[in-house]
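What follows is the residue order along each chain.
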Amino acid sequence: MSIRTLLALAVVFVMLATTGWTAMRPGPGDPRAAALASWMRGTVGHRKLPDPDSGARAIARFFTSLSTAQRLRLADRYPLIVGNLNGAPPALRYRANRTALLQARAVDAGRAHSDQLTVAGRIDAGRRAARYTSLLGGHRQILAFDPSGAGRVAEVFGDLDTATRVSVVVPGVDTNLLTFERIKKAYAAPVGMAAALYEGERAAAPRTRTAVIAWADYTTPSGLGLDASTGSMAEHGATRLNALLDALPRHAEVSLFCHSYGSVLCGIAAPDLPRGEVADITVFGSPGMRVDNAAQLHTSAHVWAARDSSDWISDVPHLEIAGLGHGADPVNDSFGARVISAAGADGHPGYFAPDTTSLANFTQIALGNYTAVACRDADGACTAGLA
């Protein structure tokens, strides 16, 4: 690599680090670790509780063998475990996470008035307590929740049990409990992204049973520094994503929508995706998928890519040297993805903004209506060979 390229890479990362993405202070310690230790010592009906890492199918069999009363007892006693168990019934996870959120809110509400914390610490605790209140509102379906550190969370729109098409929105850097949703430009945060996609599906195909997951259940890089330029956090996230996918209903076709650093995660996860169950991987605002071309993803899923001209990610050098950078640009013709239009997108975080071609395209991909997808180029080649 030339010195000029190295300097350009350094300048770009410095520039991007000052464009409004801010690092979050770490939250409380690791309450789930204490819950896990208690779970591993626990029993139900004189039976030892299963290892949470035993796999979704084993967990599903375990819960199937329990009575309703036993399931509810476990959810109420171990909410931070049951609420995050891939393979446990979704409704039970929603119940457990509601309990965990109530408990976490009480803790942070107390911390917000503690004289043992700095002013900044009290403000941070108050913000977290307010976020928990929001997540507890209405009939929200929280599929995963862990307040440890900056926090992880996932939310479901629709009925996950009956859906025949399930979409998973995988976000990028600086995604955590406090950035999971926002009021202004809601479509720039995971909740708004997933809600926009679900609403689009309902409008376009009201009789199709769909569900969308806003999946912020991995630890993302904080800011656009060294962590964001390597694949380490994406590798851990890919393991978590594949665990989630293994727990989804077998009758559903799955589409992944991977934004920014989330596309790095999806690229790493691709070879291990459940074959034949994941129909589509759509990346947008992508710095790369850590491969030279789509064929190296070794997936049967259709690979789609989008980038709007207003997205600053185009200034990032698409290369990988000694583990830094994420490789080839997915929207380049040589990559081999199906490149779709993102006309109207509102900068890097705005692909789900209302009335954009990108959102319309994502909706059609999620529904499997490939011939309705608008390609970037006028020849319509991006849908060639698809029904």
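Our structure is the block above this text.
Residues numbered from 1 in each chain as written. Predicted model: local features only at pLDDT ≥ 70, side-chain atom pairs only at ≥ 80, totals over all residues. Heavy atoms only, no water.

Draft legend 1. Representation of the environment of Val291 in the model. Position of Val291 among the secondary structure elements: in the loop between strand 8 (278-284) and strand 9 (302-306). When its relative accessible area of 12% is taken as the criterion, Val291 is described as buried. Each C-alpha atom, one on Val291 and one on Phe335, is 9.0 Å from the other, the two residues being 44 residues apart in sequence. Discounting residues that sit within four places of it in the chain, Val291 has contacts with Gln296, Leu297, His326, Gly327, Ala328 and Phe335. (Helix = DSSP H or I, 4+ residues; strand = E, 2+ residues; numbered from the N terminus. Buried < 20%, exposed > 50% of the residue type's maximum accessible area, 1.4 Å probe, protein only. Contact = heavy atoms within 4.5 Å.)

Draft legend 2. Representation of the sheet that holds strand 8 in the model. One open sheet accounts for eight strands, arranged 3-4-6-5-7-8-9-10; its pairing is mixed. Looking at which strands have only one partner, the edges of the open sheet turn out to be strand 3 (141-146) and strand 10 (338-339). Across five bridges, the pairing between strand 5 (residues 165-170) and strand 6 (residues 210-216) is parallel. The residue of strand 6 that forms the bridge with Val169 is Ala214. Contacts between helix 10 (residues 232-247) and the sheet are confined to strand 3, strand 4 (152-158), strand 5, strand 6, strand 7 (253-259) and strand 8, with strand 6 contributing the most and set at about 155° to the helix. (Pairing = 2+ DSSP bridges. Axes fitted to C-alpha atoms, helices over the stretch in contact; angles between N-to-C directions.)

Draft legend 3. Geometry of unusual backbone geometry. Even without a glycine there, the phi angle at His46 is positive, about 65°. As for its position among the elements, His46 is in the loop between strand 1 (43-44) and strand 2 (47-48). Here His298, not a glycine, exhibits a phi torsion of approximately 50°, which is positive. Mapped onto the elements of the fold, His298 is located in the loop between strand 8 and strand 9.

Draft legend 4. Structural context of the side chain of Glu201. Mapped onto the elements of the fold, Glu201 is located in helix 8 (residues 190-204). Here Glu201 is buried and forms no salt bridge, its nearest opposite-charge partner Arg165 lying at an N-O distance of 6.4 Å. Within the structure, the side chain of Glu201 is placed 3.2 Å from the side chain of Thr210, a separation counted as a polar contact. (Lys, Arg positive; Asp, Glu negative; His and termini not counted. Salt bridge = Lys/Arg side-chain N within 4 Å of Asp/Glu carboxyl O. Polar contact = N/O pair within 3.5 Å; in protein donor to acceptor, adjacent residues only side chain to side chain.)

Draft legend 5. Local environment of the packing of helix 8 against helix 12 (residues 357-367). Remark: helix 8 packs on helix 12, axes separated minimally by 9 Å, with the N-to-C direction vectors making an angle of 70°. The angle between the axes of helix 8 and helix 12 places the two elements in the roughly perpendicular class. When you trace helix 8 past helix 12, the crossing you get is right-handed. Residues Ala196, Leu197, Gly200, Glu201 and Ala204 of helix 8 lie in contact with helix 12, whose contacting residues are Leu359, Phe362, Thr363, Gln364, Ala366 and Leu367. Looking at the contact of helix 8 with helix 12 residue by residue, the classes come out as seven nonpolar, three polar and one charged. (Parallel < 35°, antiparallel > 145°, perpendicular 65-115°, else oblique. Left-handed = near helix turned anticlockwise from the far one by under 90°. Nonpolar A, V, L, I, M, F, W, Y, C, P; charged D, E, K, R; others polar.)

Draft legend 6. Highlighting helix 12. Helix 12 sits mainly inside the fold: nine of its eleven residues count as buried. Of all the residues in helix 12, the buried ones are Ser358, Leu359, Asn361, Phe362, Thr363, Gln364, Ile365, Ala366 and Leu367. Contact partners of the buried residues in helix 12: strand 5, helix 8, strand 6, strand 7, strand 8 and strand 9. Looking one or two residues beyond helix 12, the residue adopting positive phi is Gly368, at roughly 80°.

Draft legend 7. Examining the packing of aromatic side chains more closely. Within this structure, the stated rule accounts for ten aromatic pairs. With centroids separated by 5.6 Å and ring planes inclined at 15°, the aromatic side chains of Trp215 and Tyr218 adopt a geometry described as stacked. Here Trp215 matches Tyr218 in class, with each residue buried. With centroids separated by 4.8 Å and ring planes inclined at 40°, the aromatic side chains of Phe284 and Phe362 adopt a geometry described as tilted. Taken together, the residues Phe284 in strand 8 and Phe362 in helix 12 connect sequence positions 78 residues apart. Phe362 shares its class with Phe284; the two are buried. Each member of the aromatic cluster is reached from another via a ring pair, and the members are Phe257, Phe284, Tyr351, Phe352 and Phe362. (Phe/Tyr/Trp six-rings, centres within 6.5 Å; stacked < 30°, edge-to-face > 60°.)

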